[in-house]
Amino acid sequence: MSEGRGQWGSRLSFVLAAAGSAVGLGNLWKFPYITGMNGGGAFVLIYLVCILLIGLPIMIGEVLLGRMSQSSVVGTFSKLSGGKPTPWVGVGWLGVATGVVILSYYSVVAGWSLHYVWLALSGGLSLAQPEAFGELFNATYTDPGINLRYHTIFMGLTAMIVLGGIQGGVERAARVLMPVLLLMMAALLAYSTTLEGFGRAVDFVFGFHVESITGEAVLEALGHSFFTLSLGMGAMLTYGSYLSRKDDVIAVSLATTALDTLVALMACLVLFPITFSAGMEAANGPGLVFINMPLAFSGLPGGQLWSVAFFIPLFFAALSSGISLLEVAAAYFIDERGWSRRKAVLLTTSVIFALGVPSALSGSDNMVFGAGIHWIGERNWFDTFDYLASNWMLPLGGLGIAGFAAWRLGGKAREASFRAGSRLGSLPGVYLAWLQLLRYAVPLAIVIVMLHALGVL
Ligand code: PHE
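Rules behind the numbers
Residues numbered from 1 in each chain as written. Predicted model: local features only at pLDDT ≥ 70, side-chain atom pairs only at ≥ 80, totals over all residues. Heavy atoms only, no water. Helix = DSSP H or I, 4+ residues; strand = E, 2+ residues; numbered from the N terminus. Rg over C-alpha atoms; globule rule 2.2 N^0.38 Å. Buried < 20%, exposed > 50% of the residue type's maximum accessible area, 1.4 Å probe, protein only. Contact = heavy atoms within 4.5 Å. Lys, Arg positive; Asp, Glu negative; His and termini not counted. Charge placed at Lys NZ, Arg CZ, Asp CG, Glu CD. Patch = residues over 30% accessible without salt bridge, like charges linked within 9 Å, V, L, I, M, F, W, Y side chains within 5 Å. Areas by Shrake-Rupley, 256 points an atom, 1.4 Å probe, with all protein chains shown as cover. Salt bridge = Lys/Arg side-chain N within 4 Å of Asp/Glu carboxyl O. Near = heavy atom within 4 Å. Polar contact = N/O pair within 3.5 Å; in protein donor to acceptor, adjacent residues only side chain to side chain. Phe/Tyr/Trp six-rings, centres within 6.5 Å; stacked < 30°, edge-to-face > 60°.

(A) Highlighting the overall build of the protein. Counting its regular elements, the protein contains 18 helices and zero strands. Its C-alpha radius of gyration of 21 Å places the protein within 12% of the 23 Å reference for a compact globule of 457 residues. Each principal axis of the C-alpha atoms in the protein carries an extent, and together these give about 65 × 45 × 45 Å. The burial tally for the protein puts 60% of its 457 residues in the buried class. Excluding contacts between residues fewer than 6 apart, the proportion of contacts in the protein whose partners are at least 24 apart in sequence is 79%. The protein carries 23 positive and 23 negative side-chain charges, and their two centres are separated by 18 Å.

Spelled out as structure tokens, the structure:
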């Protein structure tokens with residue numbers, strides 16, 4: 001039944017690919033900057049609680065659903081409903097749409113990281129004035145040519161890897177990208193520990209500064225836990241569908257969640273010592289990575305090389321996440337429509353590429369999609385897409401996935417599948433704890449996020 005769809009070569013491959021999906025711009029770019037904006041320690045603690053109590057249960061739920069159904073995110077809901085028409089399929093459709101929306105703008109940010117690799121290699125980051133780094137980032141953001149070029153390259157690379165299939169493409173890429181990323185992050189961390197700002201950074205990231213907790217911070221931490229773990233749109237579900245029925249869902253979900261969290265914390269411990277030692281501020285917003293890092297590196301011997309060593313992992317992390325976003329949509333056409341992988345990948349890539357063009361133009365003075373044109377509220381196209389995906393589509397999808405796994409799925413099959421192949425899953429109380437979290441805590445938390453986004457809370 002699953003022959004021809006592809007399957008992971010080993011359990012480690014799944015973990016590397018799933019961690020490759022989870023670890024991305026969310027960890028290295030967004031997490032440090034929102035931690036900086038939210039005052040550090042307390043925010044990090046809330047985020048960790050969200051990961052453990054909400055993210056991890058949904059992660060297990062997604063991987064479990066995928067492994068049970070052995071099909072794409074749309075097929076999963078109909079198959080596990082006994083093949084009868086069911087409104088739950090809408091959750092699958094939402095997942096495919098969310099993947100398309102996210103990848104269209106994710107590709108643009110990923111493109112900046114590739115542009116910075118190129119700048120570092122070509123000497124474009126050896127700037128004399130500190131302000132010049134801010135200007136350089138602004139010049140990147142507003143230039144339609146740069147954005148379109150790198151959007152094209154990123155989508156092309158992503159498509160090439162996904163074209164290679166599960167073992168030949170996704171798995172092979174993950175086996176290289178993830179270890180390189182971890183090694184480079186470890187090297188950067190080793191360097192950061194030698195800096196005078198390290199102690200202050202540790203206190204900033206792990207010290208509990210109660211005064212910095214706000215309602216906003218709690219909600220931001222919750223929303224980010226979805227994005228960073230690639231939850232709520234079926235990416236983990238689709239990757240789970242390439243597991244064999246004997247694989248231990250609980251162990252691989254734990255490993256993936258732990259790796260993602262580890263890299264997010266490492267990113268903070270790399271960025272903040274460098275930021276503090278260079279006398280810069282933590283609350284520097286989205287420019288934290290693109291402005292502070294090269295600026296800090298420029299003061300070091302071999303500064304350009306450090307920048308290369310930083311932006312290559314950033315790009316790799318974005319690439320392995322982009323692969324999973326594309327795979328969700330491609331798998332739908334392969335499984336449900338019987339298309340060849342080639343046709344599915346070419347079509348989905350073309351649609352996503354086209355949809356990303358407005359995002360690539362969002363910083364420019366383009367008359368239709370440029371910075372001056374607002375879509376929802378004050379948001380340009382790029383921000384609108386990010387807002388829709390992060391605040392609405394992922395939480396809604398997460399609600400649907402948790403609801404289906406916890407309330408709709410047959411209890412016996414669910415429990416048997418949860419325990420299958422898993423020593424941890426068979427320990428007394430583990431299954432029930434997971435089910436209760438998924439039934440009550442998860443929906444409640446998601447509804448709170450959505451009410452907040454609506455301005456009701
Ligand atoms: N988790 C990825 C990141 O942190 C983004 C992502 C979201 C990837 C949803 C796949 C699905 O960058």
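(B) Expanded view of a nonpolar patch on the surface. On the surface, L45, V49, L52, L53, F208, V210, I213 and V218 cluster together to form a nonpolar patch covering roughly 680 Å² of accessible area. Considering every element that reaches the nonpolar patch, the biggest residue donor is helix α3 (residues 41–69), with four residues. Within the element layout of this structure, I213 appears in the loop between α9 (198–206) and α10 (215–228).

(C) Expanded view of the side chain of E62. Positionally, E62 belongs in helix α3. The class of E62 is buried, set by a relative accessible area of 0%. The contact partners of E62, leaving out residues within four places of it in the chain, are L231, G232, M233, G234, A235, M236, L237 and I401.

(D) Just the environment of S244, in detail. You can see S244 is positioned in the loop between α11 (235–240) and α12 (249–277). Leaving out residues up to four positions away in the same chain, S244 has contacts with Q7 and R67.

(E) Seen up close, the site of the ligand. Neighbouring residues of the ligand: 14 residues in total, closest A22, G26, Y106, F227 and S230. With respect to the ligand, the backbone of A22 contributes an N or O atom lying 3.0 Å from a nitrogen atom. The separation between an oxygen atom of the ligand and a polar side-chain atom of Y106 is 2.5 Å. For the ligand, the accessible surface in isolation is 320 Å², of which the surrounding protein chains cover 100%.

(F) Region of interest: the packing of aromatic side chains. Considering all chains together, one arrives at 37 aromatic pairs under this definition. Centre to centre, the rings of F154 and F315 are 6.0 Å apart; their planes meet at 75°, and the pair counts as edge-to-face. You can see F154 sitting in helix α7 (residues 144–163) and its partner F315 sitting in helix α14 (residues 303–337), a full 161 residues away along the chain. Here F154 and F315 have matching classes, each one buried.

(G) Molecular detail of the pattern of salt bridges. Counted according to the given criterion, the structure contains three salt bridges. Across the salt bridge formed by R341 and E327, the nearest N and O atoms sit 3.0 Å from each other. Note that R341 is positioned in helix α15 (residues 341–360) and E327 in helix α14, a separation of 14 residues in sequence. Classification of R341 by relative accessible area gives buried; the value is 16%. Judged by relative accessible area, which is 0%, E327 ranks as buried. For E415, the salt bridge identified is with R419, shortest N-O distance 2.7 Å. In this pair, E415 and R419 are both assigned in helix α17 (residues 411–419), four residues apart and thus about one turn of the helix distant.

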